[in-house]
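Summary of the model geometry
These are the residues of each chain, in order.
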Amino acid sequence: MSVDLDTVKRVARLARIAVTEEDVSALTGKLNSILGFVEHLDEVDVSGVEPMTSVIPMEMKKRIDEVTDGGKAADIVANAPATEDNFFLVPKVVE
Amino acid sequence: MTLIDTRTPEPKRLIPGATGDWEVIIGMEVHAQVVSQSKLFSGASTAFGGAPNDHVSLVDAAMPGMLPVINAECVRQAVRTGLGLKAQINLKSVFDRKNYFYPDLPQGYQISQFKQPIVGEGIVTVAVGPDKQGNFESIEVGVERLHLEQDAGKSMHDQHPTMSYVDLNRSGVALMEIVSKPDMRSSDEAKAYLTKLRSILRYLGTCDGNMDEGSMRADVNVSVRRPGEPFGTRCEIKNVNSIRFVGQAIEYEARRQIAILEDGGSIDQETRLFDPGKGETRSMRSKEEAHDYRYFPDPDLLPLEFTQAFVDELAADLPELPDEKKARFMAMGLSEYDASILVSERAIADYFEKVADGRDGKAAANWVINDLLGALNKAGKGIDETPVSPAQLGAVIDLIKDGTISGKIAKDLFEIVWNEGGDPKAIVEDRGMKQVTDTGAIETAVDEVIAANPDKVEQVKAKPTMAGWFVGQVMKATGGKANPQAVQALVKAKLGIEE
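Quick look at the structure, then. (Residues numbered from 1 in each chain as written. Chains lettered and ligands numbered in written order. Predicted model: local features only at pLDDT ≥ 70, side-chain atom pairs only at ≥ 80, totals over all residues. Heavy atoms only, no water.)

Attention now goes to the interface of chain B and chain A. Listed per partner, the contact involves 51 residues of chain B and 39 residues of chain A. For the pair chain B and chain A, the number of links is two salt bridges. One salt bridge in this structure joins A:E50 and B:K92, with 3.3 Å as the shortest N-O distance. Residue assignment for the side of chain B that touches chain A shows that the elements contributing at least two residues are β3 (70–71), α1 (72–84), β10 (163–167) and β17 (304–305) of chain B. For the side of chain B that touches chain A, the leading source of residues is β10(B), giving five residues. Here the side of chain B that touches chain A is built from residues that sort into 26 nonpolar, 13 polar and twelve charged. By the bridge criterion, four bridges tie strand β3 (residues 87–91) of chain A to β10(B) in an arrangement that is antiparallel. The partner of A:L89 across the bridge, within β10(B), is B:Y165. (Contact = heavy atoms within 4.5 Å. Salt bridge = Lys/Arg side-chain N within 4 Å of Asp/Glu carboxyl O. Helix = DSSP H or I, 4+ residues; strand = E, 2+ residues; numbered from the N terminus. Nonpolar A, V, L, I, M, F, W, Y, C, P; charged D, E, K, R; others polar. Pairing = 2+ DSSP bridges.)

See the structure below:
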């Protein structure tokens with residue numbers, strides 16, 4: 001598998017990463033070499049093997065349903081560039 | 001998903017266009033907020049309202065290093081809902097990341113389920129109607145799947161000229177997305193489906209169904225076609241928040257699409273919004289590029305697995321659902337119409353069952369539907385605010401049954417209990433509302449009416465149906481308390497009218 005210039009631009013845009021025209025071709029080369037490396041895995045026959053989801057066989061941990069968190073609005077917005085009354089303020093987004 | 005047409009076009013459901021009839025095809029995605037104390041993957045509260053960002057944990061705010069841990073109750077509720085929808089329960093399901101950017105989505109992805117949802121295919125049986133003859137049509141709407149996912153936060157755009165305000169209190173609250181198959185063919189069917197779905201969720205206690213608080217929202221997919229032709233291109237109307245609006249949105253959207261097609265145009269697959277003020281749908285500014293959510297399994301979460309024994313245990317504890325309750329009520333001799341009204345809300349059904357306990361079901365149904373629900377409706381109250389308890393209404397019915405009061409006086413008694421409360425039996429005693437069954441007293445009243453109206457006595461000889469007038473006069477004279485059957489018999493006997 002390899003990617004072309006347009007795919008790299010599209011992926012960058014979906015990830016909201018600004019990439020200049022000059023960077024695109026360099027990135028395309030780098031991505032393709034990574035993809036080529038990963039492609040070695042295709043040499044292994046994994047037919048009939050379930051995808052591994054955990055290194056050790058274990059069940060997903062579950063919480064009991066009780067309120068144990070919250071009430072820290074000031075902490076939540078502490079790093080925000082702009083706030084008011086503990087709301088986050090962001091540049092206007094409206095459909 | 002492959003779309004399968006399960007219905008046969010029927011003329012009565014078609015929409016006439018300028019160039020012939022059209023059929024509307026509807027499918028729905030309903031987002032139902034799970035009833036739980038805390039969020040799907042964090043210990044913050046799910047309570048509605050709350051000060052800005054007060055019900056938010058560091059997990060919900062997507063702070064670095066935070067890990068989601070699933071709430072066992074949300075899993076339980078999703079499985080119970082699946083059982084209520086007679087659906088396949090998947091003992092293993094997987095959480096995926098649905099990636100997109102929006103300010104009210106701090107993670108940059110929503111944790112959802114894509115390829116392996118917790119619940120698979122199911123069925124909702126919907127009674128559409130009643131029509132003018134009081135008949136219902138039963139249709140089956142297929143459920144494609146139900147999956148668990150996180151809600152997003154809330155943005156407010158009207159507080160500031162250049163900024164939007166973001167509150168994450170809802171962020172991370174558990175939602176069930178319930179996806180129907182495209183099995184509905186009219187706005188009435190779509191409204192009936194949503195009503196039924198809400199009723200099932202409320203019976204189960206898995207979602208409170210309060211659409212005005214946003215606990216239940218519907219995305220409605222609408223397309224039109226000539227009957228018998230393949231499905232047309234659909235438009236999705238997002239976030240419709242009342243059952244009435246769902247109906248209006250479909251009616252508008254179907255006609256909009258028909259007008260375009262009849263003018264030789266074509267439908268663009270797009271997302272639209274319903275504007276309740278104008279009663280129309282409009283295009284959301286089209287996205288610069290098609291959504292590409294790049295789903296992949298969330299590496300923070302192991303697959304969700306449970307045993308069949310866990311499912312069986314939940315199934316055994318499921319409450320009686322509207323369909324079963326309706327069948328049981330009909331077996332008690334109630335009409336489908338009456339049974340449908342009584343099971344529409346679990347609280348109404350519970351009320352009715354208390355009244356009907358040890359009494360005639362039909363009489364109990366009539367009183368609950370015509371008198372109680374009528375009065376509640378007029379007063380703008382819900383069943384939970386009723387001033388008349390089941391025991392009080394039951395006592396009123398008992399007093400009619402044992403002949404203490406007439407049906408007419410019972411209506412007055414109901415009104416007194418409604419307004420003032422109290423024990424119906426004591427009220428009847430105290431206010432002298434007892435039916436007069438003492439023939440002597442009735443006879444006196446009949447004699448008086450006859451003596452006072454010699455002209456009418458002459459008339460009745462030629463026209464025996466006039467007897468009714470005498471009965472009316474006697475009832476009036478006795479303040480409605482005389483037993484009507486006894487009055488009628490005496491009037492006829494005294495006037496010499498043959499039975």
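After that view of the structure, there is still more to cover.
With that settled, the discussion passes to the sheet that holds strand β6 (residues 109–112) of chain B. Residue and element names in this part refer to chain B. One open sheet holds the three strands; their spatial order is β6-β5-β16, and the pairing between them is antiparallel. Edge strands, defined here as strands with exactly one partner in the open sheet, are β6 and β16 (296–297). Bridge analysis of strand β5 (residues 96–99) against β6 gives four bridges, and the strand direction is antiparallel. Across the sheet, N99 pairs through a bridge with Y109, a residue of β6.

Residues and elements named next belong to chain B. Within this structure, the stated rule accounts for twelve aromatic pairs over all chains. With 5.4 Å between their ring centres and 80° between their planes, F41 and F95 make a pair best called edge-to-face. You can see F41 sitting in the loop between β2 (20–33) and β3 and its partner F95 sitting in the loop between β4 (92–93) and β5, a full 54 residues away along the chain. With respect to class, F41 is no different from F95; both count as buried. Measuring from ring centre to ring centre gives 3.7 Å for F114 and Y295, while their planes differ by 0°; the resulting arrangement is stacked. Of the two residues, F114 is situated in the loop between β6 and β7 (122–128) and Y295 in the loop between β15 (280–283) and β16; the sequence distance between them amounts to 181 residues. Overall, the relative accessible area of 36% leaves F114 in the partly exposed class. Taken together, the ring pairs connect Y100, F114, Y293 and Y295 into an aromatic cluster. (Phe/Tyr/Trp six-rings, centres within 6.5 Å; stacked < 30°, edge-to-face > 60°. Buried < 20%, exposed > 50% of the residue type's maximum accessible area, 1.4 Å probe, protein only.)

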